[in-house]
Amino acid sequence: MLELDKLVKIVGDAIDAGIRALGLGSAWVMVIQLAIAGLVVVAFAAVMVLFLVWLERKISARMQNRLGPTRVGPAGTIQTIADALKLLQKEDITPKAVDRGVYFWAPIITFVAALAVYVTIPFGEGLIVRDLNIGVLYILSITTFTVIGLLMAGWSSNNKYSLLGGFRSAAQVVSYEVPLALSVIGVIMFTQTLSMLEIVEQQEKFHQWYIWRQPLGFLIFLIAGTAEANRTPFDLPEADSELVAGFVTEYSGMKFAMFFLAEFLNMFTLAAVATTLYFGGWNGPILPSWMWFIAKCMVGVFILMWFRWTYPRLRVDQLMGFAWKTLIPLAFINLILTGVGIHLF
Amino acid sequence: MVSDYAAVAVFLLLGIGFVLFNFFLARLLRPSDPTPIKLSTYECGETPVGSGWIQFNVRFYIFALMFVIFDVETVFLFPWAIAYQSLGLFAFIEMLIFIAILLYGLVYAWRKGLLRWY
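Residues numbered from 1 in each chain as written. Chains lettered and ligands numbered in written order. Predicted model: local features only at pLDDT ≥ 70, side-chain atom pairs only at ≥ 80, totals over all residues.

**Q** Would you mind showing me how to read the overall build of chain A here?
**A** Each helix and strand in chain A was counted, giving 12 helices and 0 strands. Across chain A, helices and strands are ordered from the amino to the carboxyl terminus as α-α-α-α-α-α-α-α-α-α-α-α. The C-alpha atoms of chain A give a radius of gyration of 21 Å, which matches the 20 Å a tight globule of 345 residues would have. Taken along its principal axes, the extent of the C-alpha atoms in chain A is 60 × 50 × 45 Å. Among the 345 residues that make up chain A, the fraction classed as buried is 50%. In chain A, 76% of the contacts between residues at least 6 apart in sequence involve partners at least 24 apart. (Helix = DSSP H or I, 4+ residues; strand = E, 2+ residues; numbered from the N terminus. Rg over C-alpha atoms; globule rule 2.2 N^0.38 Å. Buried ≥ 20, exposed ≤ 12 C-beta atoms within 10 Å, placed from the backbone. Contact = placed C-beta atoms within 7 Å.)

**Q** Honestly, unusual backbone geometry in this entry has me stumped. Any pointers?
**A** Residue and element names in this part refer to chain A. The phi torsion at N65 lies on the positive side, around 60°, for a residue other than glycine. Examined against the element boundaries, N65 turns out to sit in the loop between helix 2 (26–63) and helix 3 (79–89). One non-glycine residue, N158, adopts positive backbone phi at about 55°. By the element assignment, N158 lies in the loop between helix 5 (135–156) and helix 6 (160–191). Residue N158 is classed as buried on the basis of its C-beta count, with 20 C-beta atoms lying within 10 Å.

**Q** Before we go on, may I ask you to explain helix 1 (residues 4–29) of chain B in this structure?
**A** Taking 1.5 Å as the rise per residue, helix 1 of chain B with 26 residues should run 38 Å; its terminal C-alpha atoms sit 38 Å apart, in good agreement. Buried residues in helix 1 of chain B make contact with helix 2, helix 4 (100–116) and helix 10 (253–278) of chain A. (Expected span 1.5 Å × (residues − 1).)

**Q** Mind showing me how you'd approach the packing of helix 5 of chain A against helix 6 of chain A here?
**A** Helix-helix packing: each pair is described by the crossing angle between the helix axes and the interaxial distance. All names here are of chain A. Contact pair helix 5 / helix 6: the axes reach a minimum separation of 8 Å and the direction vectors enclose 175°. The angle between helix 5 and helix 6 falls in the class roughly antiparallel. Of the residues contributing to the contact of helix 5 with helix 6, the split by class is 15 nonpolar, 6 polar and 1 charged. (Axes fitted to C-alpha atoms, helices over the stretch in contact; angles between N-to-C directions. Parallel < 35°, antiparallel > 145°, perpendicular 65-115°, else oblique. Nonpolar A, V, L, I, M, F, W, Y, C, P; charged D, E, K, R; others polar.)

**Q** Can you walk me through the confidence of the model for chain A in this structure?
**A** Reading predicted coordinates in detail is not appropriate for stretches of low pLDDT. On average, residues of chain A score 83 in pLDDT, and 96% of them are at 70 or above. Across chain A, helix 8 (residues 215–228) of chain A holds the top mean pLDDT of 89, while helix 9 (residues 240–243) of chain A sits lowest at 69. (pLDDT = per-residue confidence, 0-100.)

**Q** In this structure, what is going on with helix 11 (residues 289–308) of chain A? I would like to understand it.
**A** Residues separated by three or four positions in an α-helix point in the same direction, a consequence of the helix having 3.6 residues per turn. Taking 1.5 Å per residue, 20 residues should reach 28 Å; helix 11 of chain A reaches 29 Å between its end C-alpha atoms and fits that length. Of all the positions in helix 11 of chain A, only S289(A), W290(A), W292(A), F293(A), K296(A), C297(A), G300(A), V301(A), L304(A), M305(A) and R308(A) are classed as buried.

And the structure:
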């Protein structure tokens, strides 16, 4: 049961043999295998988000000296499933003034961008869908697609709150994209590869983790990543107290649920990328690799939730000023220090 | 190698399929009872004033332009970083000059007050 990687290999080979027995070409075999892998990832993402929503509610409650959900299931564990079922039955109100096509596609693009990252996330030994040779670059670029979805949602809603939320999110995500990419380059200078799998393999021992060689870079990555995921203290795009719900104001039912899903998925993605780049990915003693990966990700997710329930929201001018006047110069300094360091040692 | 990107295509299609399936499922279950008031744009209970497509702060546009400049620079830095350890000191100094030019641009924008929000 614990040897998930071997199980995956056995099942994969069995499916492979089964499809070959049908007499299909190798291209079809590959597409079917990928589709199955994709379905597993979608299922994983859905379950993970259900869990994370519950976790966030529980953690926030504890931090505010409350109990959080307790009624549905033991310790409220089934609460989010109940919420999802409720959203499924909610009337889907599409206001008359919206731009229908753009309004319809916005949640789809947002979710697909959040999901497509998982093509190259190494969950454990042998548990990676495809090890792309440009892995890191691919992740950085596909996560930015989220902003197109948010901008589409904000603009198409024909609502002032949505428009402001959409523009804020676009400005924020593009501004923080620069320090994020620059901090990742610091790691790339050590790894000499963009493949996620090779980066994990280089960090087999505890002292090889890149966090020890890139402490400043990690700090920049964490701050910029939090902003990319639209989490407090950088949650201005949806700032409930001033913009109602930002770009999701006019969305209801399943369309709203898709934005919600993408948001929590992005949070897990951030933790997963941080784990892979800085904390040795799935490397660890005794326990199977995928358990280490999930455990490390959960620590990251907890820190993000901790941020949310501890820090107040920034003002919009402070937010942009911080990205351009502090983080980007710092990221360049980190890059230069890394360059000098590699030459000296 | 190229076949690796088939995975990306499959994931994109699967993601779209998953969302559309959810929409379809919700369509089967949810009620649909639109009224003119329900379909009006939300503005905290007031009748919406004008269109939602209002004039916005031009700063957003300037930040987008700055982003393009710096992100293209980041893209240039990626191949440099991958080959960094085999390129030697020359590449490092060359990149220092490149970064210095761009930082000069950032300082210029800063001094001109483009990074101020209002």
